[in-house]
Amino acid sequence: MYLHSQSRKKDGKTYTYYSLAESYREGKKSKKKVLCYLGTLTPLQAQQIRNALKITQTPDTFVTTFDDMLFEDHWHYLNIAFLNHLWDEEWDLSKLFPLPQETSKTRKKDISTGDLAKILTFYRCLDPGSYLSAVDWFNTTTCNLILGIDGTHFNESRIYRELTVIEQQKEKIEQYLYETLKSSDEESMRIIFYDLSDSYFEGKGCKLAGPGRTKAHGFKNKRIVISLLINSKGYPFSWDILEDYTADVKTLTGNADRWKQKFNLPKVIMVFDRGMVSADNLKHLEDSKNYLYITALDIDQLSGVEGFEPERFKNFTEKTTENEMISKGLNKYDDTTYYEDLGVDRSGRRHILVFNPDLLKDQRKAREKLIEKAIEELEEERGSLMEAKKSRNDRSTEKRIDEILKKFKVNGYLDYSLESVVITTKEGSEVRTFNLKYGRKKEAIKKAMLTDGMWMLITNIMETTEHEELRLSPKKLIGAYRDKNRVEEGFREVKSFLKFQPTFVYTDDHVRAHYTICILGYLLDVTVTNKLREAPVGDVGSVSKVYSTLERCEVAKLGVRGTKCEGKKLMPVTDVQKSIMGMFNCRYLGESEYLKSIGIK
């Protein structure tokens, strides 16, 4: 039975008449039989009759009121489903982890190692926090529906047991990522980026951590040093936590030998930060015949470079024109950068001088600011000396002043002397103290200004390097070194991985496994980031915006007061969410066939 409508025109107006009808077949023909004429109806009346007829035809349809509908619970869906698609369809990572029967032969495992690694990685991407909070987060998601697992078995003890198993797969994961990246985009593996960073623990746990000076937080009793190797597209394929760390320059040679052996590396270009530059490191890479390298020199190393004549640029300021820079032998790289290929020196190394007027401005401004701050504290020290109530010792006074100069890194720009004086206090006693005199080292400052705005690339890539695709022009060398900020972006993504309490994660395996989880999260993040660079979606320009946009599409549990009727239903998918899914070929995540397969309407 259905509501049949028929329109007729009368006196220039159109009237719609309704009737109740039913369909029947007569032979091979389909016919209708009018059961009752209803006449004209308002749109609301017509819809109410349709709803009433629907109840008689669909067993799970019934009449209720808006007030009787219950919104009982809700869970994050689309962001979880999206990451699950990346994990399985883009990277096929689940196969890297052992099956339940391979890790537990005495009892049935309700959650596989792969599923647990997947959940922790999603947690890392969407809401990074401690493993103590992971279980609470899990219960706000549809991970159990999407992965087909019983969520009651996801608990803290299971997490810590599986971390050890996850760590045992690290080398397998690294090898898989390297081979996958090489086979899918061999060119992206010709240039690889290596860097180190550090963080620290609060507390007494973690044997991997030891005392040392961090780059951002000074000396810490529990510093931990992490390494990362990525390809030119930013995808990670090797990482580690370094034990017995001493200095950046001492880590490169050993790691380079291990990478060559582990991945059977062909000849590749390695880009690394100037903090790892030493004569021994460069020679080791050159002798290995397996690596070409691009790195930079510290500012105090520039004077030793053959062909570098800073006096040529003594009149350079931030207002120096393009023509003036070109007249001094520099070539234009872009609107803010100029360069000069100084050629190959007697050691067989090539140097590229790079100049940036904006950098010159920043360096001069920073130097002057540090000098002024140091002078302010020197003035305070002088005032304190001249108002001393007890006699001052020359050595301790010099130490305090040296610490001020060291604090602001202006030892080379300010000089001082102590003139012994005797003053009389208000109480009438004589006190031996010092009159502090200081001044700027004008020649030293003038010399430092010669190299403001400049930095120097050093490489063993020549115009005659074997394999033409590895011969990079000065512009490409500069571009490759600038691209090392991708590995720095990677560290920014994983740098906060020590946010958990060391009381609960401190064994070697657990800490290393956690870093692996962070890297897998970063892998998914980079996958999204690179796709956005190719084709942005409206104002969704970052991976975090992608996740927050998808997060708003949730699954709700609906019920009806006074009945046992309940079910899970997905919120409508917005156009922006559809665009994101379309970009990654996963529109099926919002379609009824897939939703029904995981228990959602």
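Below or above, wherever it landed, is the structure these notes cover. Residue positions within a chain follow its written sequence, with the count starting from 1. Owing to the predicted nature of the model, reporting of local features is limited to residues with pLDDT of at least 70; listing and counting of side-chain atom pairs is limited to 80 or more, with chain, interface and lining totals taken over all residues. Note that water and hydrogens are dropped before the side-chain values are worked out from all heavy atoms of the structure.

1. Brief notes about the overall build of the chain
A run of H or I in DSSP becomes a helix once it reaches four residues, and a run of E becomes a strand once it reaches two; helices and strands are each numbered from the N terminus. Helix and strand counts for the chain come out as 20 helices and 18 strands. Under the scheme applied here, a residue whose accessible area is under 20% of the maximum for its type counts as buried, over 50% as exposed, and between as partly exposed, the area being computed with a 1.4 Å probe on protein chains only. Buried positions account for 45% of the 601 residues belonging to the chain. Of the roughly 32600 Å² of accessible surface on the chain, 47% is carried by carbon and sulfur atoms. All accessible areas in this document rest on Shrake-Rupley with a 1.4 Å probe, and a residue is counted as covered only by the protein chains that are shown.

2. Describing the packing of helix α2 (residues 78–90) against helix α18 (residues 543–551)
Each packed pair of helices is defined by two parameters, the angle between the axes and the distance between the axes. Where helices are involved, their axes are fitted lines through C-alpha atoms of the stretch in contact, as for all axes, and angles between N-to-C directions lie from 0 to 180°. The contact between α2 and α18 brings their axes to 7 Å, and the two run at 125°. In terms of orientation, α2 lies oblique with respect to α18. Within the contact between the two elements, α2 uses L78, N79, F82 and L83 and α18 uses V546, Y547, L550 and E551. Classifying every residue of the contact of α2 with α18 gives six nonpolar, one polar and one charged. Should an angle fall under 35 degrees it is called roughly parallel, over 145 degrees roughly antiparallel, and 65 to 115 degrees roughly perpendicular, with every other angle called oblique. Note on contacts: a residue pair qualifies if any of its non-hydrogen atoms lie within 4.5 Å across the two residues. In this count, Pro and Cys sit with the nonpolar residues alongside Ala, Val, Leu, Ile, Met, Phe, Trp and Tyr, while Asp, Glu, Lys and Arg are called charged and the others, Gly among them, polar.

3. Notes on the packing of aromatic side chains
Any pair of aromatic rings gets described here by the distance separating the centres and the angle formed by the planes. Each aromatic pair joins two rings of Phe, Tyr and Trp (for Trp, the six-membered one) with centres within 6.5 Å, and gets the label stacked for planes under 30 degrees apart, edge-to-face for over 60, and tilted for any other angle. Scanning all chains against the criterion turns up 15 aromatic pairs. Between the aromatic rings of F138 and F154, the centroid separation amounts to 4.6 Å while the plane-to-plane angle is 25°, which identifies the pairing as stacked. With F138 in helix α5 (residues 131–138) and F154 in the loop between α6 (143–147) and α7 (156–168), this residue pair connects regions lying 16 residues apart in the sequence. Comparing F138 with F154 shows no difference in burial state: the two are buried.

4. Comments concerning the sheet that holds strand β18 (residues 566–570)
At least two bridges found by DSSP between two strands are what make those strands a pair. Pairing in this open sheet of three strands is antiparallel, and the strands run β4-β17-β18 from one edge to the other. Among the strands making up the open sheet, the edge pair consists of β4 (69–76) and β18. Strand-to-strand twist across the sheet, computed as the mean angle between neighbouring axes with direction ignored, equals 25°. Two elements, strand β17 (residues 554–560) and β18, share five bridges in a ladder whose sense is antiparallel. Its bridge partner lying in β18, V555 is registered against L570.

5. Brief notes about the nonpolar core
Taken as a class, soluble globular proteins show a tendency for nonpolar side chains to be buried jointly. As used here, the term nonpolar core means buried Ala, Val, Leu, Ile, Met, Phe, Trp, Tyr and Cys residues forming a set that is joined through side-chain atoms within 4.5 Å. Formed by 136 residues in total, the largest nonpolar core has its most connected members in Y77, F82, F154 and I294. A per-element tally of this core places helix α17 (residues 508–534) first, with 13 residues. In this structure F154 touches I111, L116, I119, L120, A134, V135, F138 and I159, once residues within four positions along its chain are discounted. Judged by nonpolar contacts, the second largest core, of 14 residues, contains F408, V410, L414 and L436.

6. A look at the layout of surface pockets
The definitions used throughout rest on a 1 Å grid laid over the protein atoms alone, on which a cavity is an enclosed set of points accommodating a 1.4 Å probe that cannot get out and a pocket is an open set flanked by protein within 12 Å on both sides along at least five of seven lines; lining residues are those having an atom within 4 Å of a point. Grid points are joined across faces, edges and corners, and a volume is the space filled by probe spheres set on the points. In this structure, the largest pocket spans a volume of roughly 620 Å³. In this structure, the largest pocket is lined by 21 residues; those nearest its centre are I299, D300, Y413, A448 and T451. Within the residue set of the lining of the largest pocket, elements represented by two or more residues are α12 (357–386), α14 (442–449) and β16 (454–459).

7. Description of α7
The first and last C-alpha atoms of α7 sit 19 Å apart over 13 residues, in line with the 18 Å expected at 1.5 Å per residue. Values of bend correspond, residue by residue, to the angle between axes fitted over the seven residues ending at that residue and the seven starting there. Along its length, α7 shows its largest kink, about 25°, at E162. For α7, the set of buried residues is R158, I159, Y160, E162, L163, V165, I166 and E167. Expected helix span is computed as 1.5 Å times (number of residues minus one).

8. Regarding unusual backbone geometry
Positive phi, close to 50°, is recorded for N264, a residue that is not glycine. On the secondary structure map, N264 appears in the loop between α9 (252–263) and β9 (268–272). Phi at N585 is positive, roughly 55°, even though this residue is not glycine. Relative to the elements of secondary structure, N585 occurs in the loop between α19 (575–583) and α20 (592–597).

9. Considering the side chain of N281
Mapped onto the elements of the fold, N281 is located in helix α10 (residues 279–288). We classify N281 as buried; its relative accessible area is 3%. Under this definition, polar contacts are N or O atom pairs within 3.5 Å; protein pairs additionally need one hydrogen-donor-capable and one acceptor-capable atom, and for neighbouring residues in sequence, both atoms have to be side-chain atoms. Of the polar contacts made by the side chain of N281, one reaches the backbone oxygen of M276; its length is 2.7 Å.

None of the figures reported here should be taken as evidence of function without further support.
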